[in-house]
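Observations on the model geometry
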Amino acid sequence: MDLLIFWDSGAPGGLGLPVSRFIGDLFCLPARVCPNPVILNGYVGYRRQTDARTVLDSLQIFRQRQEVRDPVLLVCGTDLFTGGATSLFGLARPPSQIAVVSTARLENAFYGLPENEDELIDRLVKESAHEIGHLFSLGHCTDPKCIMYAPLTLDDLDRKERWFCPDCRSMLNDALSRLID
């Protein structure tokens, strides 16, 4: 099993390789970066945002039609929202093995701060790993340093580490052993 990372043209270029390496290490699985083959539907002009559920619908249709068996993460640059949330860093649909993460609110520029590629990579790795964790049946964690902690703000995300707490690591290892066996 591989982790497929679809990198959209609207996401910052040149970060796919370092992000995929960190993700692969966290999950002990090969992570492959591919150009995004899915059209990003769901843009809502008056909000200047894209509905994450609509993106996941498109991704799910693609995955089914192409008979993709591996979990898929789509990294995009468009700002995401969904019903009940004015914005999100990412969203997963575990039964379909798909997730989306946006770099829009992970970039310092969104907050009027100087660009910092290392911070962007760190945030993208943590948020991507969080959404992929949901694909392996992990829920939210109460440990604010664990990847599976649900960040509500960028500060919450920055406080997290590239680390699964012992309980989440154990659940992840159990899920992976069931899938690989």
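As shown above, the structure is provided for reference.
Attention in this report is confined to the structure presented alongside it. (Residues numbered from 1 in each chain as written. Predicted model: local features only at pLDDT ≥ 70, side-chain atom pairs only at ≥ 80, totals over all residues. Heavy atoms only, no water.)

Moving on, we come to helix 3 (residues 117-135). Compared with the 27 Å implied by 1.5 Å per residue over 19 residues, the 27 Å span of helix 3 between its first and last C-alpha is a close match. Taken across its 19 residues, helix 3 has 15 buried, putting it largely inside the fold. The residue sitting at the N-terminus of helix 3 and contributing the capping side-chain oxygen is Asn 116; that oxygen lies 3.1 Å from the backbone nitrogen of Asp 118. Positioned one or two residues after helix 3, Ser 137 has a phi angle of 70 degrees, which is positive. (Helix = DSSP H or I, 4+ residues; strand = E, 2+ residues; numbered from the N terminus. Expected span 1.5 Å × (residues − 1). Buried < 20%, exposed > 50% of the residue type's maximum accessible area, 1.4 Å probe, protein only. Polar contact = N/O pair within 3.5 Å; in protein donor to acceptor, adjacent residues only side chain to side chain.)

On to the sheet that holds strand 7 (residues 85-88). Taken in spatial order, the 4 strands line up as 3-4-6-7 in an open sheet, and their pairing is mixed. For this open sheet the edge positions go to strand 3 (43-44) and strand 7, each flanked by a neighbour on one side alone. Direction of pairing for strand 4 (residues 49-51) relative to strand 6 (residues 80-82): parallel, over a ladder of 2 bridges. Across the sheet, the residue bridging to Thr 50 is Leu 80, located in strand 6. (Pairing = 2+ DSSP bridges.)

Take the packing of aromatic side chains next. Applying the stated rule across the entire model yields 4 aromatic pairs. Note on Phe 110 and Tyr 111: the rings are 5.1 Å apart at their centroids and 70 degrees apart in plane angle, and the pair reads as edge-to-face. Overall, Phe 110 belongs to the partly exposed group, its relative accessible area being 41%. Overall, Tyr 111 belongs to the partly exposed group, its relative accessible area being 36%. Sitting above the plane of the Phe 81 ring, Arg 47 keeps its charged end 3.8 Å from the centroid. Lying over the aromatic face of Phe 22, Arg 162 brings its terminal NZ or CZ to 4.0 Å of the ring centre. (Phe/Tyr/Trp six-rings, centres within 6.5 Å; stacked < 30°, edge-to-face > 60°. Lys NZ or Arg CZ within 6 Å of the ring centre and 35° of its normal.)

Bringing the pattern of salt bridges into the picture now. In total, this model carries 9 salt bridges according to the counting rule given. Notably, a salt bridge pairs Asp 2 with Arg 32, separated by 2.8 Å at the nearest N-O pair. Here the residue Asp 2 occupies a position in the segment before strand 1 (3-7), and Arg 32 occupies one in strand 2 (residues 31-35), the gap between them amounting to 30 residues. When the shortest N-O distance is used, the salt bridge between Glu 161 and Lys 145 registers 3.6 Å. Taken together, the positions of Glu 161 in the loop between helix 4 (154-159) and helix 5 (166-180) and Lys 145 in the loop between helix 3 and helix 4 put the pair 16 residues apart, joining distant regions of the chain. Look at Lys 145 and you get partly exposed, because its relative accessible area is 43%. Ionic contacts of the salt-bridge type, sharing partners, join the residues Glu 119, Arg 123 and Asp 158 into one network. (Salt bridge = Lys/Arg side-chain N within 4 Å of Asp/Glu carboxyl O.)

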